[in-house]
Amino acid sequence: MNRRVIALLIACTVVAGGCSSSSKSGTSSSTTGAETSAPATTEVTPTVGSADAPPDSTIGSAADTTAVTSAATAATAPADVYSAKITRTAYDVPHIVADDWGGLGFGQGYAFAQDRACTLIDQVIKVRGERAKWFGAGTDDANLNSDFAYRQLGLHDDADARFGHQPDNVAEMVRGYVAGFDAELADEGPHGWCEGQPWVQPITTTDLYAYVNDVLLFASSGVLINPIATAQPPAAPDASAGTTVTSGADAAASTLDLKPNVASNGWAIGSALSESGGGMLLANPHFPWEGEKRLWESQLTLTDGEINVYGASLSGVPGVLIGFNDHVAWTHTVSAGYRMTIYSLKLLPGDPTSFTYGDTTETMTSKDVSIEVLQADGTTKQQSRTMWSSHYGPMLQLPFGWTTDTAYTMRDANIDNADVLEQFFGMDQATSLDAFIDSQRTVNGIPWVNTIATSTDGRAWYSDTAATPDLSPASIAAWQAAVAAGGAAKAVLDGGAILLDGSDPANEWVDDPAATRPGILPFSEQPQLERDDYVFNSNDSHWLANPDQLLTGYSPLTGAEAVPQSPRTRENALLLADPTVRGDDGKFSLTEVQQAIFSNRGLHSDLLLSQVVAACDQTPSVSVDGQPYALAPLCDILRNWNGRYDLDAVGAVLWREFITITKDHKDAGDLYSVGFDPTDPVGTPNTLAADHAAVLTDLASAAAALTAAGFSPESTLAQMQYDGRVEDERIPLPGGSGVDGTASVVDCCSGSHSTAPKGDPGTFADGHYFSEKGYPVTTGDSFMMTLAFDSDGPHAQALLTYGQPDDPKNPDHTAQTKLFAAGKFRPVLFTDQEIASDTTATTKTVTGTK
């Protein structure tokens, strides 16, 4: 890093009025309404060609006074200059217009840095493997292990080679994005939690590609960071430092959780159920409210019409991942399929780094990795580890150990997915649903999500084209037999992954010539469904994209078929099928879609509330901890509750704690008497369990636990549930949690892998849903968008529940949270006329030398 650049950059973030350099590469200007102001210019130019300067670019910000004009008009810039116009409308949404892809990237990178520079720089430090250098080893060596794992994965080392052959528009957009991001750091500096920190520094295209690669691993290597970092062969036959050795029989009882901690709902409504006759969309990802997995809104427009797209992307990812253009609209939900396979290896006697492979043997490879670790006195020291790999991928330290007999490794379907940006840019530019589908067919770069899409002509399409390992029928049959036998294969499946015998070459992935990358399923073998009524997904598999046309016969690695569905999946299906939700005409309006997702209906309360009240009325008391507990007050609370998770609901808290105590929410058991029936996946399970005494004991135990914790069984959600990010203002929030079976979800906790400050959720009571603070919300409904196509084009309303900026002092940090609390969407401004009508809009033209 050029020391002058660091010094100037840090100074710019802390010195009032900014800073300047003798070498100008551009200027910036902003206008608010009809008033024009020329802010102090801030410039820092990294040395071109240094390790810290973006390739092929110099950094700058340019000053030029403009009036607020049509958002789709950008001043023509010289060919060697990046130029973009950024118009910020209400709630800080940037509408970015440029003449070319480089300028468009420059504008998006600049605008993103204005809101969340801290988030991206923090993640760049992570993928570089430098967390311990800046922040120390971390609690339980979290930073240390993160660095070793990312150095082992080689995302940063391999980024230039892996992403070195992008289409021209993608490469230009990425170069521009990096240049724009760095220009904003020089111009304004980061806002929020990292302001003035020594680790704030410009990024490079290598950094950005490495970060994008990390995003792709979210449902695979990303959930194995500690097992990758700590994998070491046993030092002796019976033990290894830091290694737990258990027998094969113990593996079946080991706990393993490799499931991504996010969810989503997505609806595409076709012409048969759309009031306008055009397609309709509900986008409802349930993503963290803190950290790196927050979504960020923008509109991207090229003046030649090549792209005009609005929507949201994950923090720091160029383009739009969920959104719409004039022709199509789409959303994504996290797929229930598998993005990796874990392999067990049969080790050679006396050699824990060699294994049998068919009729031969193979030796693992190793590399020595050294990282810098910040010490308490401010100095750094090096720590080194030898990291091990098989030909499949990195070795793993799973809960059942690396023994003298068996070791574990993995192969990741997304580690070499360099097509993801081309994939999303192709979708962003699609001029019809056919073109949209064709982009997935030809690129096949979707990493870990389902796609739910619709179009102006009222078509509704579902697909799970996420990167999925392609196994032979023989391999699948052997794996299924191993699962049926129990043991490690069943334990790993219950934990969210596939375990195969890596010593058998038959379990290698199949290289199908029809696939776009080696080892993954080709598009033609992935689940897809088009209908004119609706398709949807709520994170169960492809099987139930529409209850009237079940999808069967696909590889089990795309997700299970004919299995119990989650309560949230069933509630979404009920909302879509219920004619009373759609109104008198039997078709959805935009308002009715919004009312449905904000209805706060819960599946368990819909099905069981009246039955529990009836049983409660017949039973005066039950025993809790050996003492009689009178049920009449609880009966009255539930009798007077409408079953909705509204702010003022008395009964929702008691019911949530009751449901939390019960088990088997997806089949017959403690709660339901009629079990799952694959011929009626939406309607089953149902009917209250026959053992009413046990059910009511659970209800009384829930009430007693609330009382013991200092809460009343009559507490409302307004008293218990709140925005857990915010320390100086309590914002009460409505909505159900993961246990309630609601469509809309608010929950805890974010699972952030960021060093950013986080809200304190308190300590959660064992076996209950509350902490001593109540129900803090730091994940759930995030970018919520409803859209309808009609003869005038797309009409959308949206919410970004946690707002655009990182900085909690910015009013827009919580402004949309308060809209969400009130159950209100805001208009999406998409056309030139709509954007120009916003009297609060500000426009800034930014330029920089290429």
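Throughout, residues of each chain are indexed from 1 in the direction in which the sequence is written. Whole-chain, interface and lining totals are the exception, using all residues; otherwise, since this is a predicted model, local features are given only for residues with pLDDT of at least 70 and side-chain atom pairs are given and counted only at 80 or more. Derived side-chain values reflect all non-hydrogen atoms in the structure, with water molecules and hydrogen atoms excluded from consideration.

1. A closer look at the overall build of the protein chain
Looking only at helices and strands, the protein chain features 23 helices and 34 strands. Residues classed as buried in the protein chain amount to 60% of the 850 residues present. In what follows, residue pairs with any heavy atoms lying within 4.5 Å of each other are defined as contacts. Put simply, of all contacts in the protein chain between residues at least 6 apart along the chain, 71% involve residues at least 24 apart. Accessible surface for the protein chain amounts to roughly 29400 Å². Of this, 51% is attributable to carbon and sulfur atoms. Strands here mean DSSP runs of E at least two residues long; helices mean DSSP runs of H or I at least four residues long; both are numbered from the N terminus. Three labels apply to residues, based on accessible area from a 1.4 Å probe with only protein chains included: buried if under 20% of the type maximum, exposed if over 50%, partly exposed otherwise in between. Throughout, the Shrake-Rupley method with a 1.4 Å probe supplies accessible areas, and for residues the shown protein chains are the sole cover considered.

2. A few points about the pairing of strand β22 (residues 534–537)
Here β22 shows two buried faces, one formed by Tyr 534 and Phe 536 and the other by Val 535 and Asn 537. If DSSP finds at least two bridges between two strands, the strands pair. Note that strand β5 (residues 263–269) and β22 share 4 bridges and pair antiparallel. Paired with Ala 268 across the bridge in β22 is Val 535.

3. Some thoughts on the state of the cysteines
The rule for a disulfide is simple: a pair of cysteine sulfur atoms within 2.5 Å. In the structure shown here, the tally under the stated rule is 3 disulfides. With its sulfur 2.1 Å from that of its partner, Cys 118 forms a disulfide with Cys 194. Taking the torsion about the sulfur-sulfur bond, which here is approximately -80°, the covalent link between Cys 118 and Cys 194 counts as left-handed. With Cys 118 in helix α2 (residues 101–128) and Cys 194 in the loop between α6 (168–187) and α7 (205–216), the pair connects residues that are 76 residues apart, well separated along the chain. A relative accessible area of 0% means that Cys 194 is categorised as buried. Across the disulfide from Cys 616 sits Cys 635; the S-S distance is 1.9 Å. Measuring the twist about the S-S bond at about -90°, one finds the Cys 616-Cys 635 disulfide to be left-handed. Of the two residues, Cys 616 is situated in helix α17 (residues 603–617) and Cys 635 in helix α18 (residues 632–639); the sequence distance between them amounts to 19 residues.

4. Focus on the pairing of strand β7 (residues 295–302)
Judged by how many residues are buried, β7 sits mostly within the fold: 8 of 8 residues are covered. The side-chain alternation of β7 yields two buried faces, one formed by Leu 295, Glu 297, Gln 299 and Thr 301 and the other by Trp 296, Ser 298, Leu 300 and Leu 302. By the bridge criterion, 4 bridges tie strand β4 (residues 93–98) to β7 in an arrangement that is parallel. Looking at β7, one finds that His 95 is bridged to Gln 299. In terms of strand pairing, β7 meets strand β8 (residues 308–314) through 7 bridges, oriented antiparallel. If you follow Leu 295 over to β8, its bridge partner there is Leu 314. The loop that links β7 with its antiparallel partner β8 comprises 5 residues; one of these, Gly 305, has a positive phi angle of about 85°.

5. Notes on the environment of Ser 754
Among the secondary structure elements, Ser 754 is positioned in the loop between β28 (746–747) and β29 (775–777). Sequence spacing of Ser 754 and Thr 119 is 635 residues, and the spatial spacing of their C-alpha atoms is 7.4 Å. Every residue in contact with Ser 754, bar those within four places of it in the chain, is listed here: Asp 122, Gln 123, Arg 131, Trp 193, Gly 291 and Glu 292. What qualifies as a polar contact is a pair of N or O atoms within 3.5 Å, subject to a donor-acceptor requirement within protein and to the restriction that residues adjacent in sequence count only when both atoms come from side chains. Polar contacts involving the side chain of Ser 754 include one to the side chain of Asp 122, which spans 3.5 Å.

6. Digging into unusual backbone geometry
Residue Pro 685 is reached from Thr 684 by a cis peptide bond, and omega for that bond is 0°. In this structure, Pro 685 sits in the loop between β25 (672–674) and β26 (686–688). Between Cys 748 and Cys 749 the backbone carries a cis peptide bond, its omega angle lying at 15°. In the Ramachandran plot, Asn 539 falls in the positive-phi region, its phi being about 85° despite a non-glycine side chain. Structurally, Asn 539 is set in the loop between β22 and α14 (567–577). In this structure Asn 539 comes out as buried when scored by relative accessible area, which is 16%. One non-glycine residue, Asp 664, lies in positive phi territory at about 55°. Of note, Asp 664 is situated in the loop between α19 (652–661) and β25. Exposure remark for Asp 664: the relative accessible area of 42% places this residue in the partly exposed category.

7. Points about the environment of Trp 402
Secondary-structure assignment places Trp 402 in the loop between β16 (395–396) and β17 (406–412). Take Trp 402: its relative accessible area is 0%, and that puts it in the buried class. With 57 residues separating them in the primary sequence, Trp 402 and Leu 345 have C-alpha atoms 9.7 Å apart. There is a polar contact of 3.2 Å between the side chain of Trp 402 and the backbone oxygen of Pro 352.

8. With respect to the packing of aromatic side chains
Only rings of Phe, Tyr and Trp enter the pairing, Trp through its six-membered ring, and a pair is recorded when the two centres are within 6.5 Å. The plane angle decides the type: under 30 degrees is stacked, over 60 is edge-to-face, the rest tilted. Tallied over the full model, the rule gives 26 aromatic pairs. Feature note: the residues Trp 289, Phe 598, Tyr 802, Phe 820 and Phe 825 constitute an aromatic cluster, connected by ring pairs. Across the ring face of Tyr 775, the terminal group of Arg 656 is positioned such that the distance to the ring centre comes to 4.5 Å. Residue placement shows Arg 730 over the ring face of Tyr 722; its charged tip is 3.9 Å from the ring centre. Sitting over a ring, as applied to charges here, requires NZ of Lys or CZ of Arg to be within 6 Å of the ring centre and within 35 degrees of the ring normal.

9. Regarding the packing of α17 against helix α20 (residues 692–708)
Direction vectors running N to C along α17 and α20 enclose 100°, while the axes themselves pass 10 Å from each other. Considering their axes alone, α17 and α20 lie roughly perpendicular with respect to each other. Residue-level inspection shows Val 612, Ala 615 and Cys 616 of α17 in contact with α20, the latter providing His 692, Leu 696 and Leu 699. By residue class, the composition of the contact of α17 with α20 is 5 nonpolar, 1 polar and no charged. Fitted lines through C-alpha atoms give the axes, limited to the stretch in contact for helices. The angle between two N-to-C directions lies from 0 to 180 degrees. Relative orientations are named as follows: roughly parallel for angles under 35 degrees, roughly antiparallel for angles over 145 degrees, roughly perpendicular for angles from 65 to 115 degrees, and oblique for any other angle. Three classes are used, and their members are as follows: Ala, Val, Leu, Ile, Met, Phe, Trp, Tyr, Cys and Pro are nonpolar, Asp, Glu, Lys and Arg are charged, and the others, Gly among them, are polar.

10. Details of the side chain of Thr 89
Residue position: Thr 89 is located in strand β3 (residues 81–89). Once you skip the residues sitting within four places of it in the chain, Thr 89 turns out to touch His 95, Leu 829, Ile 835, Asp 838 and Ala 841.

11. Some thoughts on helix α12 (residues 473–484)
A helix is expected to span 1.5 Å for every residue after the first. For α12, built from 12 residues, the straight-helix expectation of 16 Å at 1.5 Å per residue is met to within 8% by its first-to-last C-alpha distance of 16 Å. Residues of α12 that are buried: Ser 475, Ile 476, Trp 479 and Val 483. Down the axis, α12 shows its buried residues gathered within 100° of arc, on one side only. Among the exposed residues of α12, those pointing more than 90 degrees away from its buried face are Pro 473, Ala 474 and Ala 484. Two residues or fewer after α12 comes Gly 486, characterised by a positive phi angle close to 80°. In this description, one arc is meant: the one made by directions from the helix axis to the C-beta atoms.

None of the figures reported here should be taken as evidence of function without further support.
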